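# Architecture and fold: a report
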Amino acid sequence: MQPCLGAGAPRGLPVMDGLRVVESGSALGRVVVATRGFEAGEVVLAERAALVWVNEGVGGLLWAFSRAECDTQEAVLEMFHPALDSEAASAALNTGDQLLLRALHEVQVPFEVAQRLWLVANFNCHELESKDSALFVIGSKVEHSCLPNTSYGSRADQLIYTAVRPIAAGDRISFAYVPTSQQDTQERRELLHTTRLFLCACERCEGPDVSRPLPCPACSDGVTLRTLPAESIRSSATGDSPALQMAQLKKGAGATWTCLSCSACATDAEMSAAIEKEAELVADLKQRTLVPDVSPGMLCAAQRQQVLLHLALPPMHHLHARFSELVSKFAASEADLAKDMPPGVAEAMVRAGTMLPVQQLQWEAAVSAVELIVWRERSQAVPLGRMQPQATWQPGGAATQLELPPQARLAHILDSVWSGSDEAAALQPCWDSAWDAVHAGVDLVDAGSAADAAPVFRRYRDAMFSQLSNDGTLRRFIQGVLDSVPPTESRN
C-alpha cells in the first residue's frame, strides 16, 4: 500500500441500492452486478467523483491526487490498470513518462505512484459535463459493452448511469466507453484498442456485424453479413501483446460473409469488389467531413452522393447513418448561413437554384436527424433480438424514398415506422439519440411545424430530460411544445 501523500475532505463511498461489486473471474477484474431489477429510464448509479482535475495535462491530475484524502488515494490506486511491467502499460506510458517527469517538479509524488496514477486515469477516466476529468470508485468498475444497458451522464461532479433498457437481477452493468452506434465491428474494436488497449469480445462483437451489410455476390437482392469466429474474437481479445492484438484484428482470420437470403457464404477475398466499393464511399464521406466551413452547394452535393450510397449499400449499413448526420449538419449550417446574409442575397441564391429556402433547409436538417435516429433504433433492435436483420433490399426503392420532400419522409416515419406497423413494436428510443431528437424538434418548430416536433419530443422526452438536467430553459421549451400539442393532435 502506498503512503498517504496529502489530506483533504473525505469523499466516502456511494450508497449502492441494487448493486454490488464482484470479481469477474477474468481479465476484467471487478465488475458491477445488479441485485434487483431496473426499468428503462431508472437511475442505476449516482456517485460523486473521488478525484476531479482540469483536463489540461497530467499536472492537474497529480495535483488533485496529492491533495486527496488518504482513503481516496488508496481507492484510486486500486482501480483497474495494467501491471507496470506489462506491454499494455509500456504502450500507455510511452508518451506519459516524459509528461510525468516534467510535472513531478511541481508535485511531490513518487514516480512509480505517478505512473500507476497515469495508467488508472487512462483506463478509468470519465469526462464531466464541465469537460473536467474525473475518477469514480464504483463507476470505474462498470464494464464496457458495445450493446450497453446504461448510458453515462454527469451533473456537477456526479456520475449518473441510467438504464437504457430493462436490467434484471444478476445482469452485469455496462456502458459504452466509446461511441458505438455508427461504427461497424472492426472500427469499434480498433478504436477501443487504440484508446483503451483492449479488444472487445462483447455479445455484439461476437455476432454478425449488422452495421456493415453488403450486397450478396451470389444473388440479385440478398444482404450478406460478416462474422468472425467466436474463438478468433476471444483469442485476439486476450492476447498479451497490444501489437499482436492489433495485427490479429486487422487480419480478420476466418471471417465469413453469409447471405441472409440465399445462405451463400463468402470470404473477404470473394467479397473484394463490394469491399472496394465500400472503401470508396468511406473515403468520400471522410473527405466531405474534413471540410472546415459549410458553403452553399455542399448540401446538394452531399444529397446526390447519398442517393448513390442507397444504390450501392443496404439500408442498415452504418454509412447511411453517417450521411444522414452529415446532411443534417450541412442543412442546419446553410440555414444559419442564409439567415446571416445581407438582405436579398439568400433570396437571389434561392431564385438561382444554388440554395434552398431557409424553411426547407430547416425541414431537411430535422428530417435527416430523425432518419439517423430511426437507423440507430433499428441497429439497436437487431442485436437485442427484437427484430430480424433485413434479408433482402431493393436499391431503387430506397433511393426513391430519399428523393421525396422531407415533409413526406417525416410523415412516413411518424405514421408508419413509429406507429401502426410490426416494426413499430420492435423499435424503442435509443438514448444515444437524445440530442439529435432535441435538434430535430427545435428545427421543426423553427420551420413552423410544432405538430411534427411534438411526436419526436414525446418519444424522446425521458432521454432528453435526463441529458438536459442542468438546462432548465431547453427543458421548459420542450415541455411547452408538448403541452401545446396534445398527443391526439400530433402526427404520431
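The structure reproduced in this document is the subject of the present report. Along each chain, numbering runs from 1 in the same order as the chain's sequence is written. Selection of residues for local features in this predicted model requires a pLDDT of at least 70, selection of side-chain atom pairs for listing and counting requires 80 or more, and totals for whole chains, interfaces and linings are taken over all residues. Hydrogens are left out, water is left out, and the side-chain values use all remaining heavy atoms of the structure.

## Some words on the pairing of strand S13 (residues 256-259)
Side chains Trp257 and Cys259 project from S13 onto a buried face, and the interleaved Thr256 and Thr258 project onto a face without burial. Note: strand S12 (residues 223-227) against S13, four bridges, orientation antiparallel. Bridge pairing in S13 places Thr224 opposite Cys259. The criterion for strand pairing is that DSSP finds at least two bridges linking the strands in question. Working definition: helices are DSSP H or I runs of at least four residues, strands are E runs of at least two. Numbering for both runs from the N terminus. Pairing geometry for S13 and strand S14 (residues 265-266), over two bridges, is antiparallel. Opposite Thr258, over in S14, you have Cys265 as the bridge partner. Linkage of S13 to S14, two consecutive antiparallel strands, is achieved through a turn of five residues, within which Ser263 is found at a positive phi near 70 degrees. The rule is simple: take the accessible area with a 1.4 Å probe, protein chains only, and divide by the maximum for that residue type; under 20% is buried, over 50% is exposed, in between is partly exposed.

## Some points on the packing of aromatic side chains
Note on ring pairs: Phe, Tyr and Trp rings are taken, using the six-membered ring of Trp, and paired if centres are within 6.5 Å. Classes follow the plane angle, with under 30 degrees stacked, over 60 edge-to-face and the rest tilted. For the coordinates displayed, the defined rule picks out six aromatic pairs. Note on Tyr152 and Phe175: the rings are 6.1 Å apart at their centroids and 45 degrees apart in plane angle, and the pair reads as tilted. Placement of the pair is Tyr152 in strand S8 (residues 150-155) and Phe175 in strand S10 (residues 174-175), with a sequence separation of 23 residues. The partly exposed category is assigned to Tyr152, whose relative accessible area is 23%. In this structure Phe175 comes out as buried when scored by relative accessible area, which is 8%. Three or more aromatic residues link up through ring pairs in this structure, and these residues are Tyr152, Tyr161, Phe175 and Tyr177. In this arrangement the basic side chain of Arg36 is found over the ring face of Phe38, its NZ or CZ atom lying 4.1 Å from the centre. For a lysine, the NZ atom is tested; for an arginine, the CZ atom; a charge sits over a ring if that atom is within 6 Å of the ring centre and within 35 degrees of the ring normal. Taking the ring centre of Phe465 as reference, the NZ or CZ of Arg475 above it sits at 4.4 Å.

## Points about the sheet that holds S12
Spatially, four strands are ordered S11-S12-S13-S14 in an open sheet, and the strand pairing comes out antiparallel. The two strands at the open ends of the sheet, each matched to only one other strand, are strand S11 (214-215) and S14.

## Quick word on the sheet that holds S8
On the basis of which strands lie adjacent, the open sheet formed by three strands has the order S3-S9-S8 and antiparallel pairing. Two strands in the sheet have a free side with no partner beyond their single neighbour: strand S3 (43-48) and S8. Each adjacent strand pair in this sheet contributes to an overall mean axis angle of 20 degrees, direction not counted. As defined by bridge partners, S3 adjoins strand S9 (residues 158-163) across five bridges and the pair is classed as antiparallel. Bridge assignment links Val43 to a residue of S9, and that residue is Thr162. Here the axes come from fitting lines to C-alpha atoms, over the contacting stretch only for helices, and the angles between their N-to-C directions go from 0 to 180 degrees.

## Some details on the nonpolar core
Side-chain atoms within 4.5 Å are what join buried Ala, Val, Leu, Ile, Met, Phe, Trp, Tyr and Cys residues into a set we call a nonpolar core. Core analysis: the largest hydrophobic core is formed by 48 residues, its most contacted members being Leu51, Val76 and Ile173. By the convention used here, residues are in contact when the closest approach between their heavy atoms is within 4.5 Å. Beyond its immediate stretch of four places on either side in the chain, Leu51 contacts Leu61, Ala64, Phe65, Ala68, Val76, Ser133, Ala134 and Leu135. Counting residues in each nonpolar core, the second largest holds 44 residues, with Val164, Val417, Cys430 and Trp431 among its members.

## Quick word on the environment of Leu356
By the element assignment, Leu356 lies in the loop between helix H12 (345-352) and helix H13 (358-381). Judged by relative accessible area, Leu356 falls into the partly exposed class, the value being 29%. As for Leu356 and Glu334, which are separated by 22 residues in sequence, their C-alpha atoms are 8.6 Å apart. When residues no more than four places from it in sequence are discounted, the contact partners of Leu356 are Leu299, Val350 and Leu361.

## Side note on unusual backbone geometry
Across residues other than glycine, the phi torsion is negative in most instances, and most of the peptide bonds are trans. Positive phi values are uncommon outside glycine, yet Lys131 reaches one of about 80 degrees. Along the chain, Lys131 turns up in the loop between strand S5 (126-127) and strand S6 (133-135). Despite not being glycine, Ala156 has its phi angle at roughly 55 degrees, a positive value. Within the secondary structure, Ala156 is located in the loop between S8 and S9.

## Some words on the packing of helix H18 (residues 450-459) against helix H20 (residues 472-484)
Where H18 contacts H20, the two axes come as close as 9 Å, and the packing angle between them is 115 degrees. By the angle class used here, H18 and H20 are roughly perpendicular. Judged by the sense of rotation from one axis to the other, the crossing of H18 with H20 is left-handed. Across from Ala450, Ala453, Ala454, Phe457 and Arg458 in H18, the residues of H20 making contact are Phe477, Ile478, Val481 and Leu482. When the residues that make up the contact of H18 with H20 are grouped by side-chain class, the tally is eight nonpolar, no polar and one charged. Each angle receives one of four descriptions, namely roughly parallel if under 35 degrees, roughly antiparallel if over 145, roughly perpendicular if within 65 to 115, and oblique otherwise. Crossing handedness is defined as follows: a turn of the near helix away from the far one that is anticlockwise and smaller than a right angle gives a left-handed crossing, while the clockwise case is right-handed. Charged residues are taken to be Asp, Glu, Lys and Arg, nonpolar residues to be Ala, Val, Leu, Ile, Met, Phe, Trp, Tyr, Cys and Pro, and polar residues to be all remaining types, Gly included.

## Remarks on the side chain of His81
Along the polypeptide, His81 turns up in the loop between helix H2 (70-77) and helix H3 (87-103). A distance of 2.8 Å separates a polar atom in the side chain of His81 from the backbone oxygen of Met79. Residue contacts for His81: discarding those within four places in its chain leaves Arg116, Leu119 and Val120. Here a polar contact is recorded for every N or O atom pair within 3.5 Å, except that within protein the pair must consist of a potential hydrogen donor and a potential acceptor, and residues adjacent in sequence are included only if both atoms are side-chain atoms.

## Here's the deal with the packing of helix H17 (residues 434-446) against H18
Where H17 contacts H18, the axes come no closer than 7 Å and their chain directions differ by 165 degrees. In terms of axis orientation, H17 runs roughly antiparallel to H18. The crossing of H17 and H18 is left-handed. The segment H17 lies against H18, with Ala437, Val438, Gly441, Val442, Leu444 and Val445 engaging Ala450, Asp452, Ala453, Val456 and Phe457. Grouping the constituent residues of the contact of H17 with H18 by class yields nine nonpolar, one polar and one charged.

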